[in-house]
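# Analysis of the macromolecular model
Each chain, written out:
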Amino acid sequence: MPSTLWDLAVAEVEKRENAEGDGESAEVSEKSVLFVGSKNGGKTTIILRCLDREEIPKPTLALEYTFGRRARRHNIPKDIAHFWELGGGTSLQELIRVPITSTFSIVLVLDLSKPNELWTTMESLLQVTRSHVNKILTKLGKTNPEVAAEIKQRVWNNLQKDHPDYELVDPFPLPLVIIGSKYDIFHEFDSEMRKIISKTLRFVSHYYGASLVFTSKSEALLLKTRILINNLAFGIDKSKSVSVDHSKPLFIPAGLDSLHQIGPPPASDSDIGKLHANTPLELWKKVFEKTFPPKSSYDLQYPKDPAQDSQYAEYEVDVMRAQKNEVGGYSVCYSRTTTIAEVIIGYNHSTLFAFK
């Protein structure tokens, strides 16, 4: 049985080749979507609404998993979508490598109400993800170069070869959707601030070959968000409609924007001339951070010990932990997270982590 993303990618290619021309194939499709982004940015809420679950969202402690099913038509098995969510903003980004066990896509949720954290969060999470995927692609290229080449080529599918920016962009190695959350707060910002943020995210999304959508708790905006997520999770056709008006919520499916429409970075020619940048992406970053000085990665780390969070209180565990702290030595307990069991064996300051 295939056990990794790339084993499954090989199997998928072979399955598609064998099923070519067979329009009646009823094989179940399985895809995975990894949600990363701003801490408290609304990732859980978006996932629940995409799955039509009327649940009250709870803060995500580390890495959480859920799934959904959808039938393409009657009397055939339902397709399955696996949803992974990384909590903590950038503080737990090394866990990104954990869910890479099947064909998957990335959803980056950015809190529009906190522009000073926006670029740092986006850059940090995308760099870690891209680096990890590129390492696996390199390894795959040595054992199955044809599949590795196809996976690399797929990222260009959203951009036609005759697109004027074809040679000027650098698509992300996996399908990517960027969601700007908390639009209701963002909409109250000064119009010039909204314009800078919107243009910058349009450029970043287009450069990485990503779709871009702004959302909030509004049903109308969540519906547009669901369209893009369902495309990743179940292969449902995405909308061809586009909204690029900076005074309204943006909605731009991958490949439907252009550098000409986006325009230059929002700064005067004299200011741009004073900036030293090696790439267009770096230039946009410097212009953006001139208006919104970034918070450091350290400032975005978890400031609170999850073990002290009353949300995860468990009387028996807390009693055992207190006894261990008082006496020391050997003890066994389970962490308070509701989705990943963490066995902690403490002996002479040694700790062993195991996951369910």
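What counts and how
Residues numbered from 1 in each chain as written. Predicted model: local features only at pLDDT ≥ 70, side-chain atom pairs only at ≥ 80, totals over all residues. Heavy atoms only, no water. Helix = DSSP H or I, 4+ residues; strand = E, 2+ residues; numbered from the N terminus. Buried < 20%, exposed > 50% of the residue type's maximum accessible area, 1.4 Å probe, protein only. Areas by Shrake-Rupley, 256 points an atom, 1.4 Å probe, with all protein chains shown as cover. Pairing = 2+ DSSP bridges. Contact = heavy atoms within 4.5 Å. Axes fitted to C-alpha atoms, helices over the stretch in contact; angles between N-to-C directions. pLDDT = per-residue confidence, 0-100. Arc of directions from axis to C-beta. Expected span 1.5 Å × (residues − 1). Core = buried A, V, L, I, M, F, W, Y, C linked by side-chain atoms within 4.5 Å. Patch = residues over 30% accessible without salt bridge, like charges linked within 9 Å, V, L, I, M, F, W, Y side chains within 5 Å. Salt bridge = Lys/Arg side-chain N within 4 Å of Asp/Glu carboxyl O. Parallel < 35°, antiparallel > 145°, perpendicular 65-115°, else oblique. Left-handed = near helix turned anticlockwise from the far one by under 90°. Nonpolar A, V, L, I, M, F, W, Y, C, P; charged D, E, K, R; others polar. Phe/Tyr/Trp six-rings, centres within 6.5 Å; stacked < 30°, edge-to-face > 60°.

Within the chain, the secondary structure is distributed over 11 helices and 9 strands. In the chain, which comprises 356 residues, the share counted as buried stands at 44%. Within the structure as shown, the chain displays about 19,400 Å² of accessible surface, and the carbon and sulfur contribution to it stands at 53%.

The next subject is the sheet that holds strand 4 (residues 104-111). Two strands in a sheet stick together by hydrogen bonds in their backbones, pointing the same way (parallel) or opposite ways (antiparallel). Across the sheet, 7 strands lie side by side as 2-3-1-4-5-6-7; this open sheet has mixed pairing. The sheet is open, and its two edges are formed by strand 2 (63-70) and strand 7 (251-252), each paired on a single side. The pairing of strand 4 with strand 5 (residues 176-181) spans 6 bridges and is parallel. Across the sheet, the residue bridging to Val107 is Val177, located in strand 5. This element, helix 6 (residues 191-207), spans strand 4, strand 5, strand 6 (211-214) and strand 7 of the sheet and lies at about 155° to strand 6.

Below, the discussion takes up the confidence of the model for the chain. Per-residue confidence for the chain gives a mean pLDDT of 79, with 74% of residues at or over 70. Of the regions scoring below 50 in pLDDT, residues 20-24 engages in 2 contacts with residues more than four places distant in sequence or in other chains. In this model, residues 329-356 is a region of pLDDT below 50 whose contacts with residues beyond four sequence positions or in other chains number 54 contacts.

Bringing helix 4 (residues 145-154) into the picture now. The set of residues buried in helix 4 consists of Val147, Ala148 and Ile151. Buried residues in helix 4, looked at end-on, bunch into an arc of 100°, giving them a common side.

With that settled, the discussion passes to helix 10 (residues 280-291). Taking 1.5 Å of rise per residue, the 12 residues of helix 10 would be expected to cover 16 Å, and the 17 Å separating its terminal C-alpha atoms lies within 8% of that figure. Taken as a whole, helix 10 has its buried residues at Leu281, Leu283, Trp284, Val287 and Phe288. Buried residues of helix 10 fall within an arc of 160° about the axis and therefore sit on the same side. For helix 10, the elements touching its buried residues are helix 3 (115-143), helix 6, helix 8 (259-262) and helix 9 (269-274).

Quick look at the pairing of strand 5 now. In summary, the side chains of a regular strand alternate between the two faces of the sheet. Among the 6 residues of strand 5, 6 are classified as buried, and the element is accordingly described as predominantly covered. Burial of strand 5 is two-sided: the residues Leu176, Ile178 and Gly180 facing one way and the residues Val177, Ile179 and Ser181 facing the other way are all buried. Of the strand pairs in this sheet, strand 5 and strand 6 are connected by 4 bridges, and their pairing is parallel. For Val177, the partnering residue across the bridge sits in strand 6 and is Ser211.

Time to look at the nonpolar core. In terms of nonpolar packing, the biggest core is built from 46 residues, with Leu108, Met122, Leu176, Ile197 and Leu201 touching the most fellow members. At 8 residues, the largest contribution of residues to this core is made by helix 3. If we ignore the near neighbours within four places in the chain, the residues touching Leu108 are Val36, Gly37, Met122, Leu125, Leu126, Leu176, Val177, Ile178 and Ile179. Residues Ile47, Ala81, Val177 and Leu232 belong to the second largest nonpolar core, which totals 19 residues.

The next subject is the pairing of strand 4. Summarising burial for strand 4: 8 of the 8 residues are buried, a large majority. Note that strand 1 (residues 30-37) and strand 4 share 6 bridges and pair parallel. Pairing of Phe35 across the sheet is with Val107, part of strand 4.

The next point concerns the environment of Pro293. You can see Pro293 is positioned in the loop between helix 10 and helix 11 (315-327). Sequence separation between Pro293 and Glu117 is 176 residues, and the spatial gap between their C-alpha atoms is 8.6 Å.

Turning our attention to a nonpolar patch on the surface. A surface patch of nonpolar side chains, amounting to about 190 Å² of accessible area, comprises Val242, Val244 and Leu256. Within the secondary structure layout, Leu256 lies in the loop between strand 7 and helix 8. The class of Leu256 is partly exposed, set by a relative accessible area of 33%.

What follows deals with the packing of helix 6 against helix 10. Remark: helix 6 packs on helix 10, axes separated minimally by 11 Å, with the N-to-C direction vectors making an angle of 160°. Here helix 6 lies roughly antiparallel to helix 10, going by the angle between them. The two elements helix 6 and helix 10 meet at a crossing, and its hand is left-handed. Seen from helix 6, the contacting residues are Ile196, Ile197, Lys199, Thr200, Phe203, Val204 and Tyr207; seen from helix 10, they are Pro280, Leu281, Trp284, Phe288 and Thr291. Broken down by class, the residue content of the contact of helix 6 with helix 10 amounts to 9 nonpolar, 2 polar and 1 charged.

The phi torsion at Asp52 lies on the positive side, around 55°, for a residue other than glycine. Here Asp52 is to be found in the loop between helix 2 (43-50) and strand 2. With a relative accessible area of 53%, Asp52 lands in the exposed category.

Under the definition given, this model contains 14 aromatic pairs. Judged by centre distance (6.2 Å) and plane angle (80°), the rings of Phe172 and Tyr208 are edge-to-face. Within this pair, whereas Phe172 is found in the loop between helix 4 and strand 5, its partner Tyr208 is found in the loop between helix 6 and strand 6, the two being separated by 36 residues in sequence. Overall, the relative accessible area of 2% leaves Phe172 in the buried class. Centre to centre, the rings of Phe203 and Trp284 are 4.8 Å apart; their planes meet at 5°, and the pair counts as stacked. Here Trp284 lies in helix 10 and Phe203 lies in helix 6, a separation of 81 residues in the sequence. Site record: aromatic cluster; members linked through ring pairs are Phe172, Phe203, Tyr207, Tyr208 and Trp284.

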